[in-house]
Every structure is written in structure tokens, then in C-alpha cells.
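What follows is each chain in one-letter form.
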Amino acid sequence: MCGICGEVRTRGEVSLASLSVMTKSMRVRGPDAAGVFAQGTHAFGHRRLSILDLAPASQQPMTDNELGLGIVFNGCIYNFRELRAELEGRGYRFFSDGDTEVILKAYHAWGADCVKRFKGMFAFALWERDSGRVVLARDRLGIKPLYYSEGCGFIRFASTLPALLAGGGIDTSLDPVALHSFFSFHGAVPPPCTVLSGVKKLPPATLLTIEPDGACGIERYWHFTVGERDNDVRMTEEDWADEVAAAMKEAVNRRRVADVPVGVLLSGGLDSSLIVALLAELGHPGIKTFSIGFESVGRHSGDEFRYSDLIARRFATNHEQIRTDGDSALDALPAAVEAMSEPMVSHDAVAFYLLSAEVAKRVKVVQSGQGADEVFGGYSWYPSFLSANDPAEQYERSYFDWGHADLERLLTKDLVSEDFSRAFVDGFFAETCAPTAVDKALQIDTEIMLVDDPVKRVDNMTMASSLEARVPFLDHEVVELAARIPASLKIRDGGKHILKEAARRFVPAEVIDRPKGYFPVPSLRYLRGPFLDYVRGLLESGKARTRGLYRQDFVRHMLRHPEAEMSPKGHSRLWQASLLEGWLQAQGI
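About the thresholds
Residues numbered from 1 in each chain as written. Predicted model: local features only at pLDDT ≥ 70, side-chain atom pairs only at ≥ 80, totals over all residues. Heavy atoms only, no water. Helix = DSSP H or I, 4+ residues; strand = E, 2+ residues; numbered from the N terminus. Rg over C-alpha atoms; globule rule 2.2 N^0.38 Å. Buried < 20%, exposed > 50% of the residue type's maximum accessible area, 1.4 Å probe, protein only. Areas by Shrake-Rupley, 256 points an atom, 1.4 Å probe, with all protein chains shown as cover. Pairing = 2+ DSSP bridges. Axes fitted to C-alpha atoms, helices over the stretch in contact; angles between N-to-C directions. Disulfide = S-S within 2.5 Å. Parallel < 35°, antiparallel > 145°, perpendicular 65-115°, else oblique. Contact = heavy atoms within 4.5 Å. Nonpolar A, V, L, I, M, F, W, Y, C, P; charged D, E, K, R; others polar. Polar contact = N/O pair within 3.5 Å; in protein donor to acceptor, adjacent residues only side chain to side chain. Arc of directions from axis to C-beta. Phe/Tyr/Trp six-rings, centres within 6.5 Å; stacked < 30°, edge-to-face > 60°. Lys NZ or Arg CZ within 6 Å of the ring centre and 35° of its normal. Salt bridge = Lys/Arg side-chain N within 4 Å of Asp/Glu carboxyl O.

Quick look at the overall build of the protein
And then number 1: Across its full length, the protein carries 25 helices and 17 strands.
And then number 2: Computed over C-alpha atoms, the radius of gyration of the protein comes to 23 Å, within 12% of the 25 Å expected from 2.2 N^0.38 for 589 residues, which places it in the range of a compact globule.
And then number 3: When its C-alpha atoms are laid out on the principal axes, the protein stretches across 65 × 60 × 45 Å.
And then number 4: Each of the 589 residues in the protein was classed as buried or not, and the buried ones make up 64%.
And then number 5: Accessible area of the protein: about 21,300 Å², with a carbon and sulfur share of 48%.

Here you go:
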């Protein structure tokens, strides 16, 4: 995993000064090496985190003078060795042993359709020397980020939004549509928007082709639809469980490819426990596992060590508990917020930040369990869709942190007008081919909310400590399989029923049948003491007052009664409002 950036111009010269600043700003994403390539109207930068082929031959930007191609690449192509063998059979010669060069040769052999052959996570920019064409690509589930900004005669792109800001010349005004999404969708902003008007993000499963004259073409190269298939009608529950078990085993196995040790972020829940169990089943030597816990607040526990310890003992892992007190979490908040490419309201972001900081001292790569709840129907609100007459109305009731009327109380009047978030859901549900209400909910959660909340969060917080996170539940073949499984087999018995049945082949029943837990950081869900003081300092700062984002009477109300304004899912609205302000300040806006 790495950091990439670049600038493509149709007139004028590229700004090497801006490119250098952007590249340098992503040092934590790639502390092992750096490189810049510039030719005519194109310039590209790269920061390297060495995971595969640690030799200098795999340094980037990588160019192949024989083919007339160059690339900067972030991610990992897990099936690169199979693709390399196929390409060698076609006569291609390789000068390195990693996956980056495989992308170059694959593009030359198969064109932009090569992305359909890749099994992995990736964001890359590839350029053709002779034509001047540049192609930007992002993986199917958006695991690897890619932001861009368009100016007069140029396009800049980078792995992080702050890197684009560092390059200068960005319109940092707030986008009211994206702002509405941010509050409604628990921090998620559907692509291509971000909260800043001048920055876009490339949607998942998308190719953006930039021609020499500046003309751009955009193509989505992969689709999936949640819903039963006619040709699966004979599948039994046992058949589905067998399929899930086999697919997950293959997904975990793929993500073992590395020339450095691979560990697991073990929460003690079903998802990460299954990853550990499958690694043991695959004979992975010396499994390293890591868990984090926080101080409790009242009756709300701050750790799940009971369950993570159980898994560690069962599979004899090299396990470490990382215990964090309230002071450590509070001290880490400013750095965690600054590391966010977009503001992320989930209170477990700081947990991932602190956990990653410790884990990165031991390993460079981890597998993590993000995505299982969306893909396999694990959330508590999914059963409510079985009887929903209006799926969009039910989704608003179940998922939205803030309704439109709530936002009219919070935001100043020039920032709130139409109910953009409900309109987005209405439009998405009308266009999707997912047949039932619950299928529609699973579709939007996997395609939109998953990508721009937990997946983005894990990438940003792990990479803040130069740690690569791999997510086997987002293997595209797993997602395609799960999409076909009848919803009744996913949401039954508290959710993820079919995944639980598959896991019974490997994981202790005590973990499978336990009550569902979440990555707990109680101090950010129930703001008290110094955490409340931190929030107050942000919202009452001179910068916040000058910005005029919020209605001051409502801010005062929330500060006086911090637990009175909670979302339907029990999240602190005060934290969400302060997080956005804190992120803007951290980015110098």
C-alpha cells in the first residue's frame, strides 16, 4: 500500500513544486521510498510502503520504455503471480518481481479491460507515453481511495484529500448537497462528491480516461445486484453455507500474499474471529493478533477482551491486548482527525488509529473484518424491511442520523434547502435492480455506505501509521456470492445467519452465538468531562464562529444537554457536529 499523486495538463507546464508538496504530505502512506516522474504535460509522485518485492526494481513511478507505459499504483493485486505467468506465456519479459509491473504488462496486453482480471484492492494512474492518454482506476469496492480536482487546464489527483489541499488552488467552500449527506448518512458522502466543492473522488469500479486535449471519459467496469437468482432455486441452506465457507477461505488465503509478516485485527466478534480461524485452517504460521480496549463509561464496557482472548487461546495465536485509557484516546483525537481524508464520525476511528499505531510496530500488514455486516446482513435494522411498504421511508427511519427537519435546526439557512439525502435514497432505490425492500437496503449499504464509512475509515486510520489493511469480506467474489443468497438466510436470527452457519465449521460457538458487539469507544458516544470540554472548545472557537456553519442556539442546547441529541442508532449528534468543525480546522480551512 502506498500514496500516489499526479498532475495532468492540457496547457502550461506541470507544477513540480505542487507535486513535490503533495508527495511529501503522504509520507506516512509510504515511508520506505519516494519518487517523482515528469514529462511534458504530465507529472506523477509516489510514496512506497514495501510489501511485495522489497527490491529497488519495484520502485515507483515505474516506467516501461519498451512498452511506452508508466504507472503509479496503490494497493495489492493478489493474483499477480497467476497473471504474470499468463503474460509470460504471451511473450512478455519482466524486470521486477512485484505486482506493479504486472499491471503495466496487463494493460498493454488487454487494454483498460485488464482491471476485470485483477483480484485485489487498487487505485492507480497509468499513462501512455506516445498518445499522452492517462487512465485513473479504482478497485471494485473502493477499498483504495482516489481523489481529484479539476482546474483551468489541469487535473490533479491523490490518494488523500489533504494531499490535494497541500498542492494548493483548491476551492474549499462547503458543498451543501454533500453536507446534507454527511449528517444524514453517518459521515458517508456518496461519490463523486466530498464536503469540499473543489474536490471529487473517483467512484469504485470506475475508470477515468483523460485524453491529451483534456476530454474525459468515465466508465464503470463492474456491477453487482443484491437479490435471488432463478438458477439458484435448488440451493439449500447447507449448500449456501458450504459456498460461503469456501469463498471466505479463498479470500483469506489470497490476502496472505506478502513478503512481510501478516497479522489480524481481532475484535472478538464473528468476522475477525473467522479470519483467524481460516488462517489457522490454511496452516498460516505464527498468527499475530491484536485487540484494543478502552475505559468503560457507566455500564458501557470499553473492551471485548473476553472473546478475543478465547479466539487467541483456541488458535494459539501470538496475541497482544492493547489497553488504552481515556487520556490516551483524548490525546490522540487531534491527530486521528487530521489523518482523515474526509470527516469520519464513527467513534471507533480513534480506536483504529490507536490500535494501528501499536500494531505497526510489530507488522506491516493486517487482515480485518470490515464489510461483513453490510454484505451478509448483520445490522439490526434489516428485518424491519421485510414488511416495509416504502423502502426509502423505512431506510430514512432506520439509518439517517439526522432528518431534514433536524438539519434545519442545526445548519444556518444558507447551507440547508432541499432534502438532498432523501432524494438520493429515493433515486437509488428507483434505479437499482434489487427486487425487494431488504435487498435494496443491502444494495445501498454495500455499494455506498460501506465504501464511504467503514472501508474509508480503516484505510485512513491504518495508513496513518504506515500499516496496510486487507479486507477479505470485500473480496469481489465473496460480495457477488453474498448478493445471490436469499435475504431470509442473511438477516435471520439477529443477522448474518448464513455466515454464522458457515463459520460453525471453524469458530467456537461461544463467539458465533454471543450478542452482537461493536468496536467500543464509550467516551465518544457519551461525551462527558474532558471529552465534552474538547468538543466545546471546537464549537465555541473563533474559527467556528467565523465560519458560521451552525446555529448558535442549537449548539448551546447540545452543549448543555450532550446526551439529549442522539441519532436513532444511538450516536452522539454533538460529536458529529464537532467532528466536522474539527476536521475543517485540522485541514487549515
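From this point on, the discussion continues.
What about the pairing of strand 7 (residues 134-138)?
And then number 1: Counting buried positions along strand 7 yields five of five residues, so the element is predominantly enclosed.
And then number 2: Of the two faces of strand 7, both are covered, the one formed by Val134, Leu136 and Arg138 as well as the one formed by Val135 and Ala137.
And then number 3: As paired elements, strand 6 (residues 120-128) and strand 7 share five bridges and run antiparallel to each other. From the neighbouring strand, Trp127 faces strand 7, where its bridge partner is Val134.

Focus: the sheet that holds strand 5 (residues 69-77)
And then number 1: The strand order 4-5-6-7-11-12 describes an open sheet built from six strands, whose pairing is antiparallel. At either margin of the open sheet sits one strand with a lone partner, and together these are strand 4 (62-64) and strand 12 (216-220). Geometrically, the sheet is characterised by an average inter-axis angle of 15 degrees between neighbouring strands, direction not taken into account.
And then number 2: One ladder, built from three bridges, connects strand 4 with strand 5; its direction is antiparallel. Residue pairing across strands places Asp64 opposite Leu69, the latter belonging to strand 5.

Focus on the state of the cysteines
And then number 1: Taken as a whole and assessed by the stated rule, the structure comprises zero disulfides.
And then number 2: Cysteine Cys152 is unpaired, with the sulfur of Cys216 as its nearest cysteine sulfur at 14 Å.
And then number 3: Cys152 sits in the exposed class, given a relative accessible area of 61%.
And then number 4: Here Cys193 is not disulfide-linked; the sulfur of Cys216 is the nearest cysteine sulfur, at 16 Å.

Focus: the sheet that holds strand 17 (residues 468-470)
And then number 1: As summarised here, the arrangement of the five strands in space is 15-14-13-16-17, forming an open sheet in which the pairing is parallel. Looking at the sheet topology across the chains shown, the edges are occupied by strand 15 (318-324) and strand 17. Across the sheet, the mean angle from the axis of one strand to that of its neighbour is 30 degrees, orientation sign disregarded.
And then number 2: As paired elements, strand 13 (residues 262-265) and strand 14 (residues 288-294) share three bridges and run parallel to each other. Bridge pairing links Val264 to Thr289 in strand 14.

Concerning the environment of Glu393
And then number 1: Mapped onto the secondary structure, Glu393 falls in helix 12 (residues 391-399).
And then number 2: When the C-alpha atoms of Glu393 and Asp426 are compared, they prove to be 8.7 Å apart, with 33 residues separating the residues in sequence.

A word on the packing of helix 15 (residues 437-449) against helix 16 (residues 451-463)
And then number 1: Packing of helix 15 against helix 16 brings their axes to within 6 Å, and their N-to-C directions diverge by 40 degrees. Judged by the angle between their axes, helix 15 and helix 16 are oblique. Between helix 15 and helix 16, the residues in contact are Thr446, Glu447, Ile448 and Met449 and Val451, Asp452, Asp453 and Pro454, respectively.
And then number 2: Split into classes, the residues belonging to the contact of helix 15 with helix 16 amount to four nonpolar, one polar and three charged.

A closer look at the side chain of His476
And then number 1: The residue His476 is located in helix 17 (residues 476-484) in this model.
And then number 2: Judged by relative accessible area, His476 falls into the buried class, the value being 12%.
And then number 3: Sequence-distant contacts of His476, that is, excluding residues within four places in its chain, are made with Phe118, Lys119, Arg140, Leu141 and Trp222.

Let's talk about the environment of Arg156
And then number 1: Relative to the helices and strands, Arg156 is located in strand 9 (residues 154-158).
And then number 2: Taking the C-alpha atoms as reference points, Arg156 and Met463, separated by 307 residues in sequence, lie 21 Å from one another.
And then number 3: When sequence neighbours within four positions are dropped, the list of residues in contact with Arg156 reads Gly6, Glu7, Ser15, Ser18, Met22, Tyr147, Tyr148, Ser149, Leu164, Gly167 and Gly168.
And then number 4: Here Gly167 takes part through its backbone oxygen, which lies 3.2 Å from a polar atom of the side chain of Arg156.

A short note on helix 10 (residues 349-359)
Every α-helix carries 3.6 residues per turn, so stepping three or four residues along brings you back to the same face.
And then number 1: For helix 10, the buried fraction is high: nine of the eleven residues fall into the buried class.
And then number 2: All of the buried residues in helix 10 are Ala349, Val350, Ala351, Phe352, Tyr353, Leu354, Leu355, Ser356 and Val359.

Quick word on helix 1 (residues 16-25)
And then number 1: Where helix 1 is concerned, the buried positions are Ser18, Leu19, Met22 and Thr23. An end-on view of helix 1 places all buried positions within 130 degrees of arc, on one side of the element. Exposed and facing more than 90 degrees away from the buried side of helix 1 are Ala17 and Lys24.
And then number 2: Structurally, helix 1 contributes buried residues whose contacts are with strand 1 (2-9), strand 2 (33-39), strand 3 (42-48), strand 9 and helix 4 (161-167).

Considering the packing of aromatic side chains
And then number 1: Under the definition given, this model contains 22 aromatic pairs.
And then number 2: Centre to centre, the rings of Trp381 and Tyr399 are 5.8 Å apart; their planes meet at 75 degrees, and the pair counts as edge-to-face. Of this pair, Trp381 sits in the loop between helix 11 (372-376) and helix 12 while Tyr399 sits in helix 12, and the two are 18 residues apart along the sequence.
And then number 3: Overall, the relative accessible area of 12% leaves Trp381 in the buried class.
And then number 4: Its guanidinium or amino end placed over the ring of Tyr307, Arg514 lies 4.0 Å from that ring's centre, counting from NZ or CZ.
And then number 5: Residue placement shows Lys569 over the ring face of Trp381; its charged tip is 5.6 Å from the ring centre.

Focus on the pattern of salt bridges
And then number 1: Summed over the entire model, instances satisfying the criterion amount to 51 salt bridges.
And then number 2: As a salt-bridge pair, Glu447 and Arg220 come within 3.2 Å of each other at their nearest N and O atoms. Placement of Glu447 in helix 15 and of Arg220 in strand 12 is noted, with a sequence separation of 227 residues between them.
And then number 3: Accessibility expressed as a relative area gives 34% for Arg220, which makes it partly exposed.
And then number 4: Notably, a salt bridge pairs Lys456 with Asp452, separated by 3.3 Å at the nearest N-O pair. Pair noted here: Lys456 and Asp452 are both in helix 16, with a separation of four residues, about one helical turn. Each member of the pair, Lys456 as well as Asp452, is classed as buried.
And then number 5: One network of salt bridges, with partners in common, ties together Lys119, Glu250, Arg254, Arg255, Asp475 and Glu477.

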